[in-house]
Amino acid sequence: MSQLLLVDDEPMIVGSMVANDWASIGIEGVHKAGSGLEAIGILASTPIDIVVTDIRMPGMDGLQLCKHIQEHYPRTKCILLSGYGEFEYARKAIAYGTANYLLKPVKDEELMDEVGRLRQLLEREWEEMDSVQRARHTLRIHLPVLKANLLNDLLSGILLPNALLAERMNEYGLSFSTGRHTSMLMVRIDESESAIPDPSLLEYAVRNIASEILEAEFEVWGTKDSFGYLCYLLQEKPDGTWDKDAALRLENIAGKLVAKVGRFLRGTVTALVGEPRLFPLEIVDQYRKSLNGFRKVPRSEQGIVILERDSRSQYRSLDSLYAPPGFQGLFEAGRWQDARSKLAELEKEMREKKLDTEEHVTEVAYALMNAFLYTAHLQGKTLLELTGFEADILSEQGLFTRLDGVMEWADMALRSLETANVKEVKDGKGTLIPNIHRFIESRIAGDVSLQAIADHVGLHPAYLSSLYKQETKENISDFIMRYRMEKASVLLRTTDIRIYELSGQLGFQNPPYFSKLFKYYYGVTPQDYRERNGK
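Note that the coordinates shown come from a computational prediction; the quantities given were computed from them, not determined experimentally. (Residues numbered from 1 in each chain as written. Predicted model: local features only at pLDDT ≥ 70, side-chain atom pairs only at ≥ 80, totals over all residues. Heavy atoms only, no water.)

Student: How should the overall build of the protein chain be read in this particular structure?
Tutor: Each helix and strand in the protein chain was counted, giving 23 helices and 11 strands. Counting all 535 residues of the protein chain, 46% fall into the buried class. (Helix = DSSP H or I, 4+ residues; strand = E, 2+ residues; numbered from the N terminus. Buried < 20%, exposed > 50% of the residue type's maximum accessible area, 1.4 Å probe, protein only.)

Student: I would appreciate a short explanation of the packing of aromatic side chains in the present structure.
Tutor: In this description, an aromatic ring pair is defined by two values, namely the gap between the centres and the angle between the planes. Across all of its chains, the model carries 17 aromatic pairs by this definition. A ring pair is formed by Tyr229 and Phe294, whose centres lie 4.8 Å apart and whose planes are at 10 degrees; its orientation type is stacked. Of this pair, Tyr229 sits in the loop between β7 (218–224) and β8 (230–236) while Phe294 sits in helix α10 (residues 283–294), placing them 65 residues apart in sequence. A single burial state applies to Tyr229 and to Phe294, both of which are buried. Joined through ring pairs, the aromatic side chains of Phe508, Tyr513, Phe514, Phe518, Tyr521, Tyr522 and Tyr529 make up one cluster. For the cation-ring pair, Lys342 lies above Phe327, with the distance from its terminal atom to the ring centre recorded as 5.5 Å. A cation sits over an aromatic face here: Arg484 above Phe508, 5.1 Å from the ring centre. (Phe/Tyr/Trp six-rings, centres within 6.5 Å; stacked < 30°, edge-to-face > 60°. Lys NZ or Arg CZ within 6 Å of the ring centre and 35° of its normal.)

Student: When you look at the pattern of salt bridges in this model, what are you seeing that I'm missing?
Tutor: Once the charged atoms of two side chains with opposite charge are near each other, the side chains can pair. Enumeration over the complete set of coordinates arrives at 25 salt bridges. Among the salt bridges present, the one from Arg438 reaches Asp338, with a minimum N-O distance of 2.8 Å. Of the two residues, Arg438 sits in helix α17 (residues 429–442) while Asp338 sits in helix α13 (residues 336–352), which places them 100 residues apart along the sequence. A relative accessible area of 39% means that Arg438 is categorised as partly exposed. Here Arg482 ties to Glu474 by a salt bridge, and the two come within 2.9 Å at their closest N and O atoms. For Arg482, a relative accessible area of 29% gives the class partly exposed. The class for Glu474 is buried, based on a relative accessible area of 18%. One connected set of salt bridges, linked through shared partners, spans Arg188, Asp190, Arg299 and Glu358. (Salt bridge = Lys/Arg side-chain N within 4 Å of Asp/Glu carboxyl O.)

Student: What am I meant to see in the sheet that holds strand β2 (residues 27–33) here?
Tutor: Backbone-to-backbone hydrogen bonds join strands into a sheet, with any given pair of strands oriented parallel or antiparallel. The 5 strands are arranged β2-β1-β3-β4-β5 in an open sheet whose pairing can be described as parallel. This sheet does not close on itself; its edge strands, each paired only once, are β2 and β5 (100–103). This sheet shows a mean twist of 20 degrees between the axes of neighbouring strands, independent of strand direction. Here strand β1 (residues 2–7) runs beside β2; their pairing, made up of 6 bridges, is parallel. Note that in β2 the partner of Ser2 across the bridge is Ile27. Running over the sheet, helix α1 (residues 11–18) touches β1, β2 and β4 (77–82) and is turned about 175 degrees from β2. With respect to the sheet, helix α3 (residues 62–72) is in contact with β1, β3 (50–54) and β4, its orientation differing from that of β3 by roughly 160 degrees. (Pairing = 2+ DSSP bridges. Axes fitted to C-alpha atoms, helices over the stretch in contact; angles between N-to-C directions. Contact = heavy atoms within 4.5 Å.)

Student: Which parts of the structure should I look at to understand helix α18 (residues 450–457)?
Tutor: All of the buried residues along α18 are Ala452, Ile453, Ala454 and Val457. The first or second residue beyond α18 is Gly458, which carries a positive phi of 75 degrees.

Student: So what exactly am I meant to see when it comes to empty space enclosed by the protein here?
Tutor: Per the counting criterion, the structure on display carries 4 cavities of 30 Å³ or more. Estimated volume of the largest cavity: approximately 60 Å³. Lining the largest cavity, in full, are Ser183, Trp242, Ala247, Leu250, Glu251, Val273, Gly274, Glu275, Pro276, Leu307 and Arg309. If you tally residues by element for the lining of the largest cavity, the top one is helix α9 (residues 244–264), at 3 residues. Here the lining of the largest cavity is built from residues that sort into 6 nonpolar, 2 polar and 3 charged. (1 Å grid on protein atoms, 1.4 Å probe; cavity = no way out; pocket = protein on both sides within 12 Å on 5 of 7 lines; lining within 4 Å. Points joined across faces, edges and corners; volume = space filled by probe spheres on them. Nonpolar A, V, L, I, M, F, W, Y, C, P; charged D, E, K, R; others polar.)

Student: Can you help me understand the layout of surface pockets in this one?
Tutor: Any empty space left between atoms is shown by rolling a water-sized probe over those atoms. The computed volume of the largest pocket comes to approximately 1700 Å³. As for the largest pocket, its lining consists of 49 residues, and the residues nearest its centre are Ala44, Ser45, Tyr73, Pro144 and Val145. The set of elements that each furnish at least two residues to the lining of the largest pocket consists of α2 (36–45), α3, α5 (108–128), α6 (131–155), α8 (199–215), β7 and β8. Among the elements that line the lining of the largest pocket, the one with the most residues is α6, at 11 residues. Ranked by residue count, the leading element in the lining of the second largest pocket is helix α12 (residues 327–332), at 5 residues. Here the residues of the lining of the second largest pocket sort into 14 nonpolar, 6 polar and 8 charged.

Student: In this structure, what is going on with the packing of α18 against helix α19 (residues 461–472)? I would like to understand it.
Tutor: Packed helices, taken two at a time, are described by the angle between their axes plus the distance between the axes. Where α18 meets α19, the axes come as close as 9 Å, and the angle between the chain directions of the two elements is 90 degrees. Here α18 is positioned roughly perpendicular relative to α19, judged by the angle of their axes. Counting all contacts with α18, which are made through Leu450, Gln451, Ile453, Ala454 and Val457, the residues of α19 involved are Pro461, Leu464 and Ser465. (Parallel < 35°, antiparallel > 145°, perpendicular 65-115°, else oblique.)

Student: Just checking my understanding: could you explain the nonpolar core for this structure?
Tutor: Nonpolar side chains tend to gather and get buried jointly when the protein is soluble and globular. The biggest cluster of nonpolar side chains holds 31 residues, and the ones touching the most others in it are Phe331 and Leu368. Of all elements in the fold, only α12, α13, α14 (358–378), α15 (383–387) and α16 (403–420) reach the threshold of two or more residues within this core. Considering every element that reaches this core, the biggest residue donor is α14, with 9 residues. Filtering out sequence-adjacent residues up to four positions away, Phe331 remains in contact with Trp336, Ala339, Ala371, Phe372, Thr375, Leu414 and Leu417. Ranked by size, the runner-up nonpolar core spans 30 residues in total, among them Ile189, Ala210, Leu234 and Ile253. (Core = buried A, V, L, I, M, F, W, Y, C linked by side-chain atoms within 4.5 Å.)

Laid out in structure tokens, this is it:
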């Protein structure tokens, strides 16, 4: 079964071609692209047998695409479609190895007949190739993937015996030598208002720029890791040694890469230059240290180059994430709008204070996941049963390394929880607990006695107390004390407010009594807590 790629910048035309019954003529997979550049990206990741392309397209036209295919995928067959019957077009098409040249508008039957003819031609060509030729052809087609997979194995700690590794690298045409110093350049694509809005195409363009710049100076071996970083191992050309000059050239090249992406693609990348280490034994350590260094760097609106040797301290934990009321309590009480407001406040703080590092984004993802799981398990269900989906933080690492990805995931999960009606609303009880909590949070410095709360919700104090414990499995007084203590911990960490003023803001008229309760709750006095945890 063959793979077909249809290329046209008019969506209606390419859509009508896709709708044909290609399976009836032995076409297993049908792919489509709206431009020559997009088609190149598909060809790089998918073994395509036949390409049908329009000539007139913005940017890279059909003839240029056919020329690229002839140079990089010589066994792939091309069919050109054009509204112009000029000999010059046909002459160039033949020169670029085009199998046929059809005039538009082309009938579906005519197009399918031509694709079917080329598919049979490909089958005959394959039959004429002996097993060694097929193996070499298959290796050449999949060589970029094989190289990338081997490097990903090395970065993840799968170290082959030296003889086997050398054999594989020789098969793949990699001029890397064991026992030599090797540096690593890691590239992260950040915020972008690029002229190439498709992320996969933007990544392809960044890869091309990086390869062009790096290969002029070094032996290069690249891949994309599970976190979405572009990773390049670099050695000096044969007979060269890694010295201060090489390190300086690499830093300059990284700066050129960042500048070119900004200038030509209007995109933003961050590049991290690693310290040289011995290949292959120390590559895993080099990768992990570079990875750890990157996790401390916020996503930038301006491209930057950072050096692994320049130490960076990790900013303290996100206070707004843990400030009461927490997500777990909001989910449990069904306070969906309050949860959304807290989520928006958290995102605003992270963006304004440049705290959107991967370390902080991961912290937010795990905190939210714990709250979602707790809410589901409280109902005796799995997260999948409750919401209809389940995101795995460990297996979907790319989703949980960007702030916008985590926020989109959290919003989707929140809407699913709300739709699933986690807290069943019976006789108005579903709104009672959120109402009580909001009253306490807004009046924490004043009267939050059981009688005041009962007056607010219009219930008898004894009935209210019993009903609240039945719904939440704790007393109202326990919630009030927990909220006061958690609020106090946040204020002690993030402000310089005097302790006696703080106690008053939390409804304690006797500061020593507040200090005594705080020490009972946290094991240290408020002053000691501030000295240990304050900014």
